[in-house]
Amino acid sequence: MEKKPVMLSGDRPTGRMHIGHYVGSLANRVRLQNEGKYQPYVMIADMQALTDNARDPEKIRNSLFQVALDYLAVGIDPAKSTIFVQSQIPALNELTMIYMNLVTVARLERNPTVKHEIQQKRFNESVPAGFLTYPVSQAADITAFKAAVIPVGDDQEPMIEQTRELVRSFNHIYDSKVLVEPTGYFPPQGQGRIPGLDGNAKMSKSLNNAIYLADDEDTIQKKVMSMYTDPNHIHVQDPGQVAGNTVFTYLDIFADDSSYVAELKAQYQHGGLGDVKIKRYLNEVLQAKLAPIRERRAVFAADLEQVSKILETGSAAANETAEATLQQVRDAMGINYFQSAGRR
Ligand code: ATP
Ligand code: MG
């Protein structure tokens, strides 16, 4: 049987997953998984989550199962995708150490996503070394599985680029063809970074501005009704702004009836359409999308033993693949000194 190209993606277990993750990454992964052209791996990046949560391992531990449930709820299928836990794959750490020598501190400090996150997290001068270097560990994750396709949101583009550089350096320096250069697979324009309910540029677990896949009906409704719109649209008859109006941003993404959304927009801009009306419509749209996800989630949540088994089985399979790559990497570098003694 011909080997399919590998697709890999992952999420930090720092909380439950939200509708930004859904359109930014999960929906693409499920679609690509079901198309069957790739061999999918899905990683829960607990080691990466620890790079900025070292003092709160309990949060990571709790979120691990939440993320797994979110995966299963949206349709990531363990029969098709290998779902695994990063910390259970020791080869990833070894690869990280090897790659660390192929990147400069200056290059790490230039990564725009990391730079932005350092500001956002207010690390000031106290950036954990593991945090600054997490793009290197991400390169290890990607290359361990020789992943060719990485379905991610826009903030991940610099990581893919850094991985590509590392792959080129490695293959060049050690005159090898072991590592594979990955390509990012991004959502359509405008969906790679979903804004938050508060109008912030990014819906994020850490900013408390998200609608979660697990939110119940009432919570979704409350969140939608309190959403950021056009702050100058005070009276129903006032003309309102559509651009930058988060309710319309979400409608563009989630509503199937785009001609109805276009009608609403025209009416809103003209004046005479109130925020409550457009929010009610958005609520309907989101409830319809999220109800089946929530129901599937509840089924798996009632059997955590099974979820644990899925992660354990996936991790064992992933471990074998990563070990095989590490062996090739060691061979390429000639650091396989005691091979005959059967070290691995
Ligand atoms: P954290 O605050 O812990 O970094 P996060 O919300 O950024 O959490 P990640 O686990 O870092 O989530 O990212 C998982 C995937 O979801 C990545 O591919 C990322 O690009 C994508 N993603 C995250 N937030 C959004 C968003 N608001 N819109 C679209 N895609 C997103
Ligand atoms: Mg993130």
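Treat the numbers as computed from the prediction; the structure is a model and nothing was measured. (Residues numbered from 1 in each chain as written. Chains lettered and ligands numbered in written order. Predicted model: local features only at pLDDT ≥ 70, side-chain atom pairs only at ≥ 80, totals over all residues. Heavy atoms only, no water.)

1. Observations concerning the pattern of salt bridges
A side chain of one charge can pair with a side chain of the opposite charge when the charged atoms of the two come close. Enumeration according to the criterion identifies 18 salt bridges in this entry. The residue K289 makes a salt bridge to D256 at a minimum N-O spacing of 3.3 Å. A residue pair is termed long-range when its members are at least 10 positions apart, and K289 in helix α13 (residues 275-301) and D256 in the loop between α11 (246-254) and α12 (258-270) qualify at 33 residues. You can call K289 partly exposed: its relative accessible area is 31%. (Salt bridge = Lys/Arg side-chain N within 4 Å of Asp/Glu carboxyl O. Helix = DSSP H or I, 4+ residues; strand = E, 2+ residues; numbered from the N terminus. Buried < 20%, exposed > 50% of the residue type's maximum accessible area, 1.4 Å probe, protein only.)

2. Comments concerning the layout of surface pockets
Its volume calculated, the largest pocket comes out at about 1100 Å³. Along its surface, the largest pocket is lined by 50 residues, and R12, E117, D155, Q156 and K202 are the ones closest to its centre. Secondary structure elements with two or more residues in the lining of the largest pocket: β1 (6-11), α1 (19-35), α6 (112-120), α8 (134-144) and β4 (147-151). Of the residues forming the lining of the largest pocket, the biggest block, six residues, is contributed by α1. Of the residues belonging to the lining of the largest pocket, the class tally is 17 nonpolar, 21 polar and 12 charged. (1 Å grid on protein atoms, 1.4 Å probe; cavity = no way out; pocket = protein on both sides within 12 Å on 5 of 7 lines; lining within 4 Å. Points joined across faces, edges and corners; volume = space filled by probe spheres on them. Nonpolar A, V, L, I, M, F, W, Y, C, P; charged D, E, K, R; others polar.)

3. Section: the environment of Q156
Topologically, Q156 is positioned in the loop between β4 and α9 (157-173). Sequence separation between Q156 and A317 is 161 residues; the distance between their C-alpha atoms is 26 Å.

4. Considerations on the packing of aromatic side chains
A complete count under the given rule lists 11 aromatic pairs for this structure. Arranged with centres 4.8 Å apart and planes meeting at 50°, the rings of F170 and Y174 form a pair that is tilted. Here the aromatic rings of F248 and Y268 are separated by 5.1 Å at their centres, their planes lie at 65°, and the arrangement is edge-to-face. Taken as a pair, F248 in helix α11 and Y268 in helix α12 lie far apart in primary sequence, 20 residues in all. You'll find F248 and Y268 in the same group, each marked buried. Joined through ring pairs, the aromatic side chains of Y41, F84 and F145 make up one cluster. Above the ring of Y212, the side-chain terminus of R16 is found at 4.7 Å from the ring centroid. (Phe/Tyr/Trp six-rings, centres within 6.5 Å; stacked < 30°, edge-to-face > 60°. Lys NZ or Arg CZ within 6 Å of the ring centre and 35° of its normal.)

5. Some points on helix α4 (residues 90-100)
Residues of α4 that are buried: A91, L92, L95, T96, I98 and Y99. Seen along its axis, α4 keeps its buried residues to an arc of 165°; they face one direction. On its buried face, α4 is in contact with α8, α9 and α14 (304-333). (Arc of directions from axis to C-beta. Contact = heavy atoms within 4.5 Å.)

6. Brief notes about the nonpolar core
Core analysis: the biggest nonpolar cluster contains 51 residues, and I19, Y71, Y250 and L251 have the highest contact counts within it. Counting the residues that make up this core, at least three belong to each of domain 1 (6-194 + 305-343) and domain 2 (217-299). When neighbours within four sequence positions are excluded, Y250 is seen to be in contact with I19, I194, P195, G196, L197, M203, M227, A255 and L282. Membership of the second largest hydrophobic core comes to 41 residues, among which are L8, A91, L132 and F145. (Core = buried A, V, L, I, M, F, W, Y, C linked by side-chain atoms within 4.5 Å. Domains from an automatic or database assignment.)

7. A word on the domain arrangement of the protein
When the parts of a complex come together, some accessible area is lost, and that lost area is often used as the size of the interface. Annotation of the protein at the domain level lists domain 1 (6-194 + 305-343) and domain 2 (217-299). Domain 1 and domain 2 are separated by 34 Å when their C-alpha centres are compared. Taken together, the contacts link 14 residues of domain 1 with eight residues of domain 2. For the pair domain 1 and domain 2, the summed buried area comes to about 950 Å², and 70% of that belongs to carbon and sulfur atoms. Broken down residue by residue, the surface that domain 1 buries against domain 2 is led by I19, A73 and I194, which jointly contribute 51%. Summed over the shared surface of domain 1 and domain 2, the number is one salt bridge. Between R297 and D70 there is a salt bridge, with its nearest N and O atoms 2.7 Å apart. Elements with a minimum of two residues in the side of domain 1 that touches domain 2: α1 and α3 (57-74). Considering only residue class, the side of domain 1 that touches domain 2 consists of eight nonpolar, four polar and two charged. (Buried area = accessible area lost by both parts, 1.4 Å probe.)

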